[in-house]
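# Notes for the structure review
Listed below are the residues making up each chain.
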Protein chains: 6
Amino acid sequence: MADEVQMVPGNSLITKTPEEGRQLAVKMARLVIKVTQPDAAMRDKLRPDYAEDAGLLIAIGQVVATEFATIATANNYWR
Amino acid sequence: MADEVQMVPGNSLITKTPEEGRQLAVKMARLVIKVTQPDAAMRDKLRPDYAEDAGLLIAIGQVVATEFATIATANNYWR
Amino acid sequence: MADEVQMVPGNSLITKTPEEGRQLAVKMARLVIKVTQPDAAMRDKLRPDYAEDAGLLIAIGQVVATEFATIATANNYWR
Amino acid sequence: MADEVQMVPGNSLITKTPEEGRQLAVKMARLVIKVTQPDAAMRDKLRPDYAEDAGLLIAIGQVVATEFATIATANNYWR
Amino acid sequence: MADEVQMVPGNSLITKTPEEGRQLAVKMARLVIKVTQPDAAMRDKLRPDYAEDAGLLIAIGQVVATEFATIATANNYWR
Amino acid sequence: MADEVQMVPGNSLITKTPEEGRQLAVKMARLVIKVTQPDAAMRDKLRPDYAEDAGLLIAIGQVVATEFATIATANNYWR
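Presented here is a report on the structure given in the accompanying data block.

What follows covers the overall build of chain A. Check the secondary structure of chain A and you find 3 helices and 0 strands. For chain A, the N- to C-terminal ordering of α and β elements is α-α-α. Dimensions along the principal axes, computed over C-alpha positions, put chain A at roughly 40 × 30 × 15 Å. Here the analysis covers contacts within chain A between residues at least 6 apart in sequence; of these, 62% occur between residues at least 24 apart.

Quick look at the structure:
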């Protein structure tokens, strides 16, 4: 584990807008991958595997949806 | 990441009806794919992979269900 | 996307009974597939792929469970 | 869809105990499969596919966990 | 279904500590497998399939995370 | 099951910050794997399987997202 990686940018789940909340969800999903595979060269090598695979693109969508659910609740849905 | 893509259309989770909430869920699920694979030609190439694969169609259904759960809560279930 | 497809039958998550809520969950899960693959002939062709595959039958069960969680909450669990 | 199948036994999510809630979760998970594949002979044929496959057994566990979360909430966790 | 299997040990979701809640989550995840595949010899045969497969180990982690979410809520997060 | 493994470090879901909550989510996800496969040599052998596989890295992200949702709720989202 690369302990130096910050996994929650800004160390807060609070964002101004849904759009920013969505961006945070995408970043948090990616940072777990960075922590699990800290080797940047390996991550670069793996990138086409998911960016060019319909199943993996959908799987990323599932992770982002799950992270976003948490962030949206934290922000009381920006109501 | 294609930062110019807006991931939450209208920058709000609030919709008038469940039907509009469902449409938003479908759009948000698709926009994550767009952000992860910003190359439109590649996305077009991948489309038949999931539109003609029963497993991937179901996987899309799972993502939409997860996004919709968040949107439905944000709208207090349109009660 | 076949915009003419209504994705939430009755445009409401409110049902009289758990059984009707469950039926709505099944319908909503199917309608996402219809929206993603609007070609009825293709959907007919894909049907045996999931109706005769144990893994896909279970995956459909997962989607229905997720949709039902939302519908059950909307109905305050019919308590 | 076999409309005659009752998908929520007893048409209620309320159970006396966690154990009965768990049994209901298992039944509800199975009844979705029955509705999606109403042919009993086909279901019998598919049974070994998941009862003898570690991945599918775990996938069933995921569906049951999701159904149980809903039932447990409906029962206020039997507190 | 092996009806004699108790699926919720102690017939309660309430535990003294998060650690005990986590142990309950692991047990409940395993007991669904036991109910779906009651033949102990077959389960023993399948064990290496998931204990030596990275993907299945992660899938078990997903089920445990889902069960634990329910148990943690039941215990008001042991706050 | 290696009963001696502590599955919830510190036996608490409460953390000071979102970042620490995220670290706890990652640890809890890993400890389930440790409990299911207590043989350290086997775990070392399996490590490249997921650290070098795009699909498994995403699957780990899904587990962490699910654990984090529970931890974030326990901490009232650090609001």
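Having put the structure on the table, let's press on.
Moving on, we get to the interface of chain E and chain F. Taken together, the contact between chain E and chain F spans 27 residues of the former and 32 residues of the latter. Taking both partners together, chain E and chain F bury about 2400 Å²; carbon and sulfur atoms supply 70% of that area. It is Glu19, Arg22 and Ile58 of chain E that lose the most area in chain E upon contact with chain F, and together they represent 25% of the buried surface on that side. In this assembly, chain E and chain F are joined by 1 salt bridge. Glu67 of chain F is the salt-bridge partner of Arg22 of chain E, the closest N and O atoms lying 2.5 Å from each other. Those elements giving two or more residues to the side of chain E that touches chain F turn out to be α1 (18–36), α2 (40–51) and α3 (54–74) of chain E.

Aligned on chain F, chain E shows an RMSD of 0.0 Å; the corresponding rotation is 60° and the shift along the axis is 0.0 Å. When the rotation and shift are considered jointly, the pair of chain copies conforms to a six-fold rotation axis. For chain E, the residue whose C-alpha comes nearest the rotation axis is Thr66 of chain E, separated from it by 7.0 Å. A share of only 15% of interface residues in chain E that are also interface residues in chain F marks the association as one of differing surfaces.

So, on to the packing of α1 of chain E against α3 of chain E. Residue and element names in this part refer to chain E. Where α1 contacts α3, the axes come no closer than 8 Å and their chain directions differ by 130°. In terms of axis orientation, α1 runs oblique to α3. Crossing of α1 over α3 shows right-handed handedness. Taken together, the residues of α3 that come into contact with α1 (itself represented by Pro18, Gly21, Arg22, Leu24, Ala25, Val26, Met28 and Ala29) are Val63, Val64, Ala65, Glu67, Phe68 and Ile71. Among the residues forming the contact of α1 with α3, the class breakdown is 11 nonpolar, 1 polar and 2 charged.

Empty space left among the atoms is revealed by rolling a probe the size of a water molecule over them. With the rule as written, the count across this model stands at 1 cavity of 30 Å³ or more. Empty space within the largest cavity amounts to approximately 40 Å³. If you go around the largest cavity, the residues you meet are Ala54, Leu57 and Ile58 of chain D together with Ile33, Arg43, Leu46 and Tyr50 of chain E. Looking at the lining of the largest cavity, the elements with two or more residues in it are α3 (54–74) of chain D together with α2 of chain E. For the lining of the largest cavity, the per-class residue count stands at 6 nonpolar, no polar and 1 charged.

Looking now at the interface of chain A and chain F. Taken together, the 32 residues of chain A in the interface contact 27 residues of chain F. One can count 1 salt bridge joining chain A with chain F. On the surface where chain A and chain F come into contact, there are 10 residue pairs in polar contact (both at pLDDT 80 or more). Elements with a contribution of two residues or more to the side of chain A that touches chain F: α1 (18–36), α2 (40–51) and α3 (54–74) of chain A. The biggest single contributor to the side of chain A that touches chain F is α3 of chain A, with 10 residues.

One broad trend across soluble globular proteins is that nonpolar side chains are buried collectively. Of all hydrophobic cores here, the largest spans 175 residues; its most connected members are Leu13 of chain A, Leu13 of chain B, Leu13 of chain C, Leu13 of chain D, Leu13 of chain E together with Leu13 of chain F. Tallying contributions element by element places helix α3 (residues 54–74) of chain F first for this core, with 12 residues.

This part covers the packing of aromatic side chains. For the coordinates displayed, the defined rule picks out 6 aromatic pairs over all chains. A ring pair is formed by Phe68 of chain A and Trp78 of chain A, whose centres lie 5.8 Å apart and whose planes are at 20°; its orientation type is stacked. You can see Phe68 of chain A sitting in helix α3 and its partner Trp78 of chain A sitting in the segment after α3, a full 10 residues away along the chain. Each of the two residues, Phe68 of chain A as well as Trp78 of chain A, counts as buried. Positioned over the ring face of Phe68 of chain C is Arg22 of chain C, at 4.8 Å from the centre of the ring.

Moving on to α1 of chain E. Compared with an ideal rise of 1.5 Å per residue, which puts 19 residues at 27 Å, α1 of chain E spans 28 Å between its outermost C-alpha atoms and is within 8% of the ideal. The buried fraction of α1 of chain E amounts to 14 of the 19 residues, a majority that puts the element mostly inside the structure.

Even without being a glycine, Trp78 of chain D presents a positive backbone phi close to 55°. Here Trp78 of chain D falls in the buried class, since its relative accessible area comes to 17%. Even without being a glycine, Tyr77 of chain E presents a positive backbone phi close to 65°. By the element assignment, Tyr77 of chain E lies in the segment after α3.

Residues and elements named next belong to chain C. Its 21 residues place the ends of helix α3 (residues 54–74) 31 Å apart at the C-alpha level, agreeing with the 30 Å of an ideal helix rising 1.5 Å per residue. Within α3, 17 of the 21 residues are buried, which leaves it mostly tucked inside the rest of the structure. Capping of α3 at its N-terminal end is provided by Asp53; its side-chain oxygen lies 2.9 Å from the backbone amide nitrogen of Gly55. At the C-terminal side of α3, Asn76 shows a positive phi close to 50°.

Conventions we followed
Residues numbered from 1 in each chain as written. Chains lettered and ligands numbered in written order. Predicted model: local features only at pLDDT ≥ 70, side-chain atom pairs only at ≥ 80, totals over all residues. Heavy atoms only, no water. Helix = DSSP H or I, 4+ residues; strand = E, 2+ residues; numbered from the N terminus. Contact = heavy atoms within 4.5 Å. Buried area = accessible area lost by both parts, 1.4 Å probe. Salt bridge = Lys/Arg side-chain N within 4 Å of Asp/Glu carboxyl O. Least-squares fit on C-alpha atoms with pLDDT ≥ 70 in both. Axes fitted to C-alpha atoms, helices over the stretch in contact; angles between N-to-C directions. Parallel < 35°, antiparallel > 145°, perpendicular 65-115°, else oblique. Left-handed = near helix turned anticlockwise from the far one by under 90°. Nonpolar A, V, L, I, M, F, W, Y, C, P; charged D, E, K, R; others polar. 1 Å grid on protein atoms, 1.4 Å probe; cavity = no way out; pocket = protein on both sides within 12 Å on 5 of 7 lines; lining within 4 Å. Points joined across faces, edges and corners; volume = space filled by probe spheres on them. Polar contact = N/O pair within 3.5 Å; in protein donor to acceptor, adjacent residues only side chain to side chain. Core = buried A, V, L, I, M, F, W, Y, C linked by side-chain atoms within 4.5 Å. Buried < 20%, exposed > 50% of the residue type's maximum accessible area, 1.4 Å probe, protein only. Phe/Tyr/Trp six-rings, centres within 6.5 Å; stacked < 30°, edge-to-face > 60°. Lys NZ or Arg CZ within 6 Å of the ring centre and 35° of its normal. Expected span 1.5 Å × (residues − 1).

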